[in-house]
Amino acid sequence: MNQTEIVNIFTKKTLALTFVLSAAAMAFAQEKAGVTGMIVNKNNQPVPYASVTFSNKANKTLSDAVLTDEKGQYKLELAPGNYDITVEAIDYKKSVVNKSIAGPGNIGALSIQPEAATTLDGKTQEIQGVVITAAATKPYKVELDKRTYDPSQDIVSKGGNLQDVLSNVPSVSVDTDGTVSMRGSSNVKFLINGKPSALLGIDDGANALQSIPADQIDRIEVITNPSSKFEASGTAGILNIILKKSKKTGFNGSVIGALGYLPQTSLNANLNWRKGNFTWFLNGGGGYRESKNTSRNDDYFNNAKLDDDLVQRNTDSETKSKNNNYNASAGIVYDISEKTSVNASGTVRTFDSENFGNIDYRYTPLNNPFYTSNRSTFGTNNNLAFQGDFGLDHKFDDKGQNLSLSLSLQRSRSYNDTNIDDTIDNLKDIINQNTINRSVIGKADYELPIGEYSKLEAGYRIDINTNDYSNDVRESTTTKPLDFLKPYTYDATYKETFNAFYLQFKSKIGKLGYQVGVRDELSNVDINYLSLDPKKNVPATTKNYNNLFPSVYLSYEFAKDNQLLLNYTRRIDRPRSFFMIPNPSYNDNQNIFDGNIDLNPSYVDSFEFGYSISKKKFTINPTLYYRHQTDDTKMLVYNILATDENGAIIDPKRIESHTKPINLGTDDRFGLDLNFNWDATSWLKFLGNVDMFGYNTKGSTLYDTFDKDGNPTQAVADFNGKGFSTRARLSSTIKVDKTFSFQLQGFYRGGQKTAYQDRKDMYAISLGASKTIWKGDGTLAFNIQDIFNTRAMRSTTYTANSIRDSYMQWQPRQFSVSLTYRFKQGEKIEQPKKKKDINSNASGDDQQAPM
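Here the structure is a predicted model, which means the values were calculated and not measured.

Q: Quick question: what am I supposed to make of unusual backbone geometry here?
A: A negative phi holds for most residues other than glycine; trans holds for most peptide bonds. That bond from Tyr-261 to Leu-262 is cis: its omega, 5 degrees, falls within 30 degrees of zero. Locating Leu-262 in the fold gives a position in the loop between β17 (250-261) and β18 (264-275). Although it is not a glycine, Asp-561 adopts a positive phi angle of roughly 60 degrees. Considering the arrangement of structural elements, one finds Asp-561 in the loop between β29 (541-559) and β30 (562-573). Residue classification places Asp-561 among the buried positions, given a relative accessible area of 17%. Although it is not a glycine, Asp-786 adopts a positive phi angle of roughly 60 degrees. With respect to the secondary-structure elements, Asp-786 resides in the loop between β46 (778-785) and β47 (793-798). Its relative accessible area of 4% is what places Asp-786 among the buried residues.

Q: Help me understand a nonpolar patch on the surface, please; the structure alone is not making it clear to me.
A: Side chains of Ile-509, Leu-512, Val-516, Val-552, Leu-554, Tyr-556, Phe-558, Leu-566, Phe-609 and Leu-624 sit close together on the surface and give an oily, nonpolar patch of about 840 Å² of accessible area. Secondary-structure elements contributing two or more residues to the nonpolar patch are β28 (512-531) and β29. In terms of residue count, the dominant contributor to the nonpolar patch is β29 (4 residues). Its place among the elements puts Ile-509 in strand β27 (residues 490-509).

Q: Looking at this structure, how should I read the packing of aromatic side chains?
A: Two numbers describe a pair of aromatic rings. These are the distance of the centres and the angle of the planes. Counted by the stated rule, this structure contains 18 aromatic pairs. Consider the rings of Phe-278 and Tyr-334, whose centres lie 4.6 Å apart with planes at 35 degrees: the pair is tilted. Here Phe-278, found in strand β19 (residues 278-301), pairs with Tyr-334, found in strand β20 (residues 311-335); they are 56 residues apart in sequence, far enough to count as distant. The class of Phe-278 is partly exposed, set by a relative accessible area of 41%. Each ring, one from Tyr-568 and one from Phe-607, has its centre 4.8 Å from the other, and the planes form 35 degrees; the classification is tilted. Here Tyr-568 is found in strand β30, whereas its partner Phe-607 is found in strand β33 (residues 602-614), with 39 residues between them in sequence. An aromatic cluster of three or more residues is present, and its members are Phe-54, Tyr-74 and Tyr-83.

Q: Would you take a moment to explain the pattern of salt bridges for this structure?
A: Two side chains with opposite charge may pair up if their charged atoms get near one another. Applying the stated criterion across every chain, the model contains 24 salt bridges. For Arg-296, the salt bridge identified is with Asp-316, shortest N-O distance 2.6 Å. With Arg-296 in strand β19 and Asp-316 in strand β20, the pair connects residues that are 20 residues apart, well separated along the chain. One network of salt bridges, with partners in common, ties together Lys-229, Glu-447, Lys-455, Glu-457 and Lys-506.

Q: Would you take a moment to explain empty space enclosed by the protein for this structure?
A: The gaps of empty space that remain are located by a probe, the size of a water molecule, rolled over the atoms. Counting across every chain of the model gives 13 cavities of 30 Å³ or more. By volume, the second largest cavity amounts to about 390 Å³. Along its surface, the second largest cavity is lined by 24 residues, and Asp-164, Ser-167, Ser-766, Gln-785 and Arg-791 are the ones closest to its centre. Sorting the residues of the lining of the second largest cavity by element identifies α2 (162-166), β12 (172-174), β42 (740-749) and β45 (762-773) as the ones contributing at least two each. The element contributing the most residues to the lining of the second largest cavity is β42, with 3 residues. Broken down by class, the residue content of the lining of the second largest cavity amounts to 6 nonpolar, 13 polar and 5 charged.

Q: Where do I start with the pairing of strand β34 (residues 618-630) in this structure?
A: Where a strand is regular, its side chains alternate between the two sheet faces. Going residue by residue along β34, you find Thr-619, Asn-621, Thr-623, Tyr-625, Arg-627 and Gln-629 tucked away on one face and Phe-618, Ile-620, Pro-622, Leu-624, Tyr-626, His-628 and Thr-630 left uncovered on the opposite face. When β33 meets β34, the two strands line up antiparallel, connected through 10 bridges. Of the residues in β34, the one forming a bridge with Gly-610 is Thr-623. Hairpin connection of β33 to β34: 3 residues between the antiparallel strands. Two strands pair when backbone bridges link them, and β34 and strand β37 (residues 666-679) are joined in this way by 13 bridges, in the antiparallel orientation. Along β37, the bridge assignment pairs Ile-620 with Phe-676.

Q: Explain the side chain of Asp-164 here, please?
A: Locating Asp-164 in the fold gives a position in helix α2. Notably, Asp-164 is buried but unbridged: the nearest opposite-charge side chain belongs to Arg-289, and the N-O separation is 4.3 Å.

What counts, and at which threshold
Residues numbered from 1 in each chain as written. Predicted model: local features only at pLDDT ≥ 70, side-chain atom pairs only at ≥ 80, totals over all residues. Heavy atoms only, no water. Helix = DSSP H or I, 4+ residues; strand = E, 2+ residues; numbered from the N terminus. Buried < 20%, exposed > 50% of the residue type's maximum accessible area, 1.4 Å probe, protein only. Patch = residues over 30% accessible without salt bridge, like charges linked within 9 Å, V, L, I, M, F, W, Y side chains within 5 Å. Areas by Shrake-Rupley, 256 points an atom, 1.4 Å probe, with all protein chains shown as cover. Salt bridge = Lys/Arg side-chain N within 4 Å of Asp/Glu carboxyl O. Phe/Tyr/Trp six-rings, centres within 6.5 Å; stacked < 30°, edge-to-face > 60°. 1 Å grid on protein atoms, 1.4 Å probe; cavity = no way out; pocket = protein on both sides within 12 Å on 5 of 7 lines; lining within 4 Å. Points joined across faces, edges and corners; volume = space filled by probe spheres on them. Nonpolar A, V, L, I, M, F, W, Y, C, P; charged D, E, K, R; others polar. Pairing = 2+ DSSP bridges. Lys, Arg positive; Asp, Glu negative; His and termini not counted.

Geometric descriptors of this kind do not, in isolation, establish any biological role.
Here it is as structure tokens:
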């Protein structure tokens, strides 16, 4: 066949397809009819801006919705058929009538009645003589491979942000600096709607968590032992943040504003519109927040060159921050047919802050007068993140054979500028740190039901992440003009690419359910580092890993919502990118973070054995777990005398404290994680979590330091330690009447001790109250975080030539008042029922976070 024949055939087929599609479109257009009508009240007065939803009883894709104008009139195009017409408006009852649309014309006036009373747990409405009350949902439920937390009943975090919500999630702990951990480990992987997100920025730090409003969160999936379907990163587990997505027709949404102290304000909105085959959403808002961080370090050094055998350095630090954050998300879903839909969404987030810091140093030799110095800092931070997501979902049939394709394009950048002034030698530092992150994530997931009880799942994912770092540090003193500090001035690029494939099979034999899977991840890491100091340069480094990650899940169901769970997974802890840059951070000349380009991933084997029973008034979920981690990443803290670029000691009184991540030894965790909720009475409810765990950490290493005469030497850092600790949380909700409730929450974290560090225990108590107003359309809430101002970290760290006592409080006691207004319009659309997953709890849903 020659080229001309191929062109002719292609042209004919294209024209034929175009003709068929055009004819179909014309036929479809001809089926539509112009329908008009009016909405009135019992006095026959027009009702403006009412939501009118036409639900086609034969074909849901032909459904449509419209708002009345200021005269109570509406107009739309509908295909002929039988429709349920739902009318909703503020201060009116929902009305449902049935009409048959045969052709174009006016269907007349529909009358609606004034609103009935409301209850706290749900809206009570009278429709054609039938009273319907929405049932309250449980805040916590257990499924085969995850636990789901519903924050809607969390009064304390109303008007807050993601960090406030996480502080109340069972099995999750949030330290005062924003570090999130699960079962004592901080290596947690964050996902938003099932994938990494630019919403969390580059470092997943406290600033990122505070930029996501609590009101935009639908639920949080706590996945302590993820299956092969999920990415293997995060040895502690995965937190999947599911943002709200409306399932109602017409226009609906909510607006929430908050005001608090320390000074904070926020205003956020969630707006949704569904009409026919189209659904769009717009979420956005912003806020202003001030924070105050206080810390104290008492260092005891053993060094004769500092005038005596023992020298004490006291460091008192206070940093005040002013932060502005804004975020906006918009998206659209189009149902091409009942089985195929496409979606696209975009997100932008900004975060700006100003930081004012003051540090007082006091040196106290035993037999000599003390001397002091003061350091003041001023810093600005500007972050901007973009994310675009595109997807296609196709159902091959109604039995559960599905294909999902998605692409995510993300970019975030961070500009950090800091000026430091020190009274010693009139020292002045100017630090400029810029970071740009670019990510491309593509994935495909396929599900194939086999028979009545089995399902095969397979998928592929590619991640391409590139981080560019630019760091400039300049310094001047009384005797030295302003010039670059060459060891800390550099440009670096970190690029990671990994391809992942997974295969998973689940089935059921009688009451025994099982799921087995394997995941293969091929990782490639390239690091390029160029320092202004030639002696600090390292050659371009490439690392390649190919790892298999199996997973096994077993469940035995005694009865509905009563089951035993046993599972095993293997996970990986990939070093964070800036951990591998040789000199990623220079905060000041006395506390320096050193990267480690030789840092490797660590691996964990995780086992869980749990039991779950859920009844009408309570749910209990105790889980025994054991986790063994090899090549564990530990933070080595050591002290050296400050030297110049030639290695000469600058000042025998100037000591630098360095922190460096290293691979060392093993870490074993084992314990009992108990979660429960209990509706004790109609007015009193409890939600609790107790994690009692033991730990056994092994590892020691040599590091460079100095002896008491100031001479270079080596010492041993001993990380060995074992012990037992406890973390607990309890929330009690008291319903005073149908519209008013308050909530008291308590948190406790036990201490942990090794030969290297002793961390003290910590506790906090918070209070919240909520009042339903405006006939159920509004909520007024008040909360106090950390009533007794006790949420602070205390620890003692031991090195060869020093002891450090530390205290740090990231945020003092604060309170806020919030007001929420909800738009009522719209009727929930019945989602097509999927084939039941026989290995999940009956109360679970189909939301997953694959790949």
